[in-house]
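Examination of the molecular architecture
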Amino acid sequence: METETPDQPDDTEAAPEVLAEAAVAAEPDAEDPDEAEGAEDAGPATAEEAVAAAIAVAPGRLAIGVDIGGSGIKAAAVNLDTGQLVSTRHRVPTPQPSAPAAVIDATAKIVRSIAKEIAAGPEVAVGIGYPGVVIDGATKTAANMDHGWLDFDADAAFERVLKRPVHLVNDADAAGVAEMRFGAGVGRMGTVFTVTLGTGFGSALFYNGQLIPNLELGHMEIRGRDAERRSSAAARVKRSLSWKAWAMDLDEHMLAIEKLFSPKLFIIGGGVSKRSENFIPRLTVRADVVPAKLLNSAGIVGAAMASDEREHQPG
Ligand code: BGC
């Protein structure tokens, strides 16, 4: 018989992130489902290495990526040609309440720190992944965010404060685009789903490498409720579930998606993908399931790519 020790909710331990400036080095958030420890691309270890890495980037191929999550805002400068982080990785807790003004202010602080660290001029653009539907730079839903984001002209509001070109996209779309370009989805044709598990259940659909944006399958109804309430990484922690019990809930959600879309491949990302051996072998979907390669840097890398609309399609 299979035995398993249920994990404690705090096993989404804080990542040993490299935080360049004490001012932004907020307490790591043990509740952050995106923050499981692992060997992702944490970026250069020191500010000196970051400057060297940033100088090596071809002109116009550097952007700052920001991943806004329900509990943390993470950001770094990214080489758009390689998908590598070229600044240290910064993180602050998402302000609570997560009203637009507070989130924009917190984002501006880390973007300023990054720009200073790598001596980025004002032409270096910022791409932002937001955890909700984003159409033409306006945020339309706010499942895990303050309702001030509903129908909010976010591109313009961020640009006023950041004083740089800014473009927002859905966070799961951003992470998916990065995985398809630089990670587990490279060269994968047909229907591919990338799933980003954090506070919510982010989904992105690709057909022959082309993204169909704003899919929102975290909110399909399973057992009479929003599916992500059982299948997100936060749901496992919140309900103190064993990996096995949570894998069954995730599996039910993925089977429902498979029934509708018949993907060839699921790529599972978010901090929890660092523990993929605890749940991927338990999934019963017909499609191949692999962990994301960029782990939870995908959101930052894909957001940086979104700063330039042309980058935001891997195909
Ligand atoms: C949101 C999605 C988002 C996902 C992951 C969901 O609650 O509706 O837009 O991609 O969480 O953050």
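To be clear, the structure that these remarks concern was listed above.
For every chain, the first residue of the written sequence is number 1, and numbering continues from 1 onward in sequence order. Residues qualify for local features only when their pLDDT is at least 70, as the model is predicted, and side-chain atom pairs are given and counted only at 80 or more; totals for whole chains, interfaces and linings, by contrast, use all residues. Side-chain measures were taken over the full set of non-hydrogen atoms in the model, leaving aside hydrogen atoms and water.

**Section: the overall build of the protein chain**
- Along the backbone of the protein chain there are 8 helices and 14 strands.
- Split into buried and exposed, the 315 residues of the protein chain put 59% on the buried side.
- By definition in these notes, contact holds between two residues if any of their heavy atoms fall within 4.5 Å. Taking contacts inside the protein chain between residues at least 6 apart in sequence as the whole, the part at least 24 apart equals 67%.
- Shrake-Rupley sampling with a 1.4 Å probe provides the accessible areas, and residues are treated as covered by the protein chains on show and by no other component. Of the roughly 12800 Å² of accessible surface on the protein chain, 54% is carried by carbon and sulfur atoms. Under the DSSP-based scheme used, a helix requires at least four consecutive residues in state H or I and a strand at least two consecutive residues in state E, with every element numbered from the N terminus. Note on exposure labels: buried denotes an accessible area under 20% of the residue type's maximum, exposed denotes more than 50%, and partly exposed covers the range between, all computed with a 1.4 Å probe on protein chains only.

**Details of the site of the ligand**
- When we say a residue is near a molecule or strand, we mean one of its heavy atoms is within 4 Å of it. Close to the ligand lie 13 residues, the nearest being Asn 170, Asp 171, Glu 216, His 219 and Glu 228.
- Asn 144 places a side-chain nitrogen or oxygen 3.1 Å from an oxygen atom of the ligand.
- Polar contact is defined as a pair of N or O atoms within 3.5 Å, subject to the rule that within protein one atom must be able to donate a hydrogen and the other to accept it, and that residues adjacent in sequence are counted only when both atoms are side-chain atoms. A distance of 2.9 Å separates an oxygen atom of the ligand from a polar atom in the side chain of Asn 170.
- When isolated, the ligand has an accessible area of 310 Å², and the protein chains bury 94% of it.
- When atom positions are compared with the pocket grids, the ligand is found to occupy the largest pocket.
- Gly falls in the polar group here, along with every residue not listed as nonpolar (Ala, Val, Leu, Ile, Met, Phe, Trp, Tyr, Cys, Pro) or charged (Asp, Glu, Lys, Arg). When its residues are assigned to classes, the shell around the ligand shows 4 nonpolar, 6 polar and 3 charged. Cavity means a closed set of points on a 1 Å grid over the protein atoms alone, one where a 1.4 Å probe fits but cannot get out, pocket means an open set with protein on both sides within 12 Å along at least 5 of 7 lines, and lining means a residue has an atom within 4 Å of a point. By definition, a pocket or cavity contains a molecule when more than half of the molecule's atoms lie within 2 Å of the pocket's grid points.

**Things to note about the sheet that holds strand β10 (residues 210–212)**
- What makes two strands pair is DSSP finding at least two bridges between them. Within the open sheet, the 5 strands sit side by side as β10-β9-β8-β13-β14. Their pairing is mixed. Every interior strand has two partners, whereas the edge strands, β10 and β14 (288–291), have only one. Averaged over all adjacent pairs, the angle separating strand axes in this sheet is 25 degrees, with direction ignored.
- Pairing of strand β13 (residues 265–269) with β14 involves 4 bridges; the strand directions are parallel. By the bridge assignment, Ile 267 is partnered in β14 with Val 290.
- Only the stretch in contact is used when fitting a helix axis, every axis being a line fitted to C-alpha atoms; angles between N-to-C directions are given from 0 to 180 degrees. The strands that helix α4 (residues 171–182) touches are β8 (191–197), β9 (201–207), β10 and β13; relative to β9, the one it contacts most, it runs at about 50 degrees.
- Against the sheet, helix α7 (residues 243–261) touches β8, β9, β13 and β14, its axis set at about 150 degrees to β8.

**Things to note about unusual backbone geometry**
- Residue Pro 97 follows Gln 96 across a cis peptide bond; omega there is -5 degrees.
- For Pro 97, the location among the structural elements is in the loop between β3 (90–93) and α2 (100–117).
- Backbone geometry at Asp 151 places phi at a positive 55 degrees, although glycine is not the residue there.
- Looking at where Asp 151 falls in the secondary structure, it is placed in the loop between β6 (138–139) and α3 (154–162).
- Its identity is not glycine, yet Glu 216 carries a phi of approximately 60 degrees, on the positive side.
- Structurally, Glu 216 can be placed in the loop between β10 and β11 (221–222).
- Residue Glu 216 is classed as partly exposed on the basis of its relative accessible area of 25%.

**A closer look at α2**
- How far a helix is expected to stretch is found by multiplying one less than its residue total by 1.5 Å. For α2, which comprises 18 residues, the first-to-last C-alpha distance of 26 Å matches the rise-based estimate of 26 Å (1.5 Å per residue) to within 8%.
- Among the residues of α2, Pro 100, Val 103, Ile 104, Ala 106, Thr 107, Ala 108, Ile 110, Val 111, Ser 113, Ile 114, Ala 115 and Glu 117 are the ones counted as buried.
- Those residues of α2 that are buried lie in contact with α1 (47–55), β1 (62–68), β2 (72–79), β3, β4 (126–130) and α3.
- Phi turns positive one or two residues past the end of α2, at Ala 119, with a value near 55 degrees.

**Quick word on the pairing of strand β7 (residues 166–170)**
- In terms of burial, β7 is largely enclosed, as 5 of its 5 residues are buried.
- One ladder, built from 5 bridges, connects β4 with β7; its direction is parallel. From the neighbouring strand, Gly 129 faces β7, where its bridge partner is Val 169.

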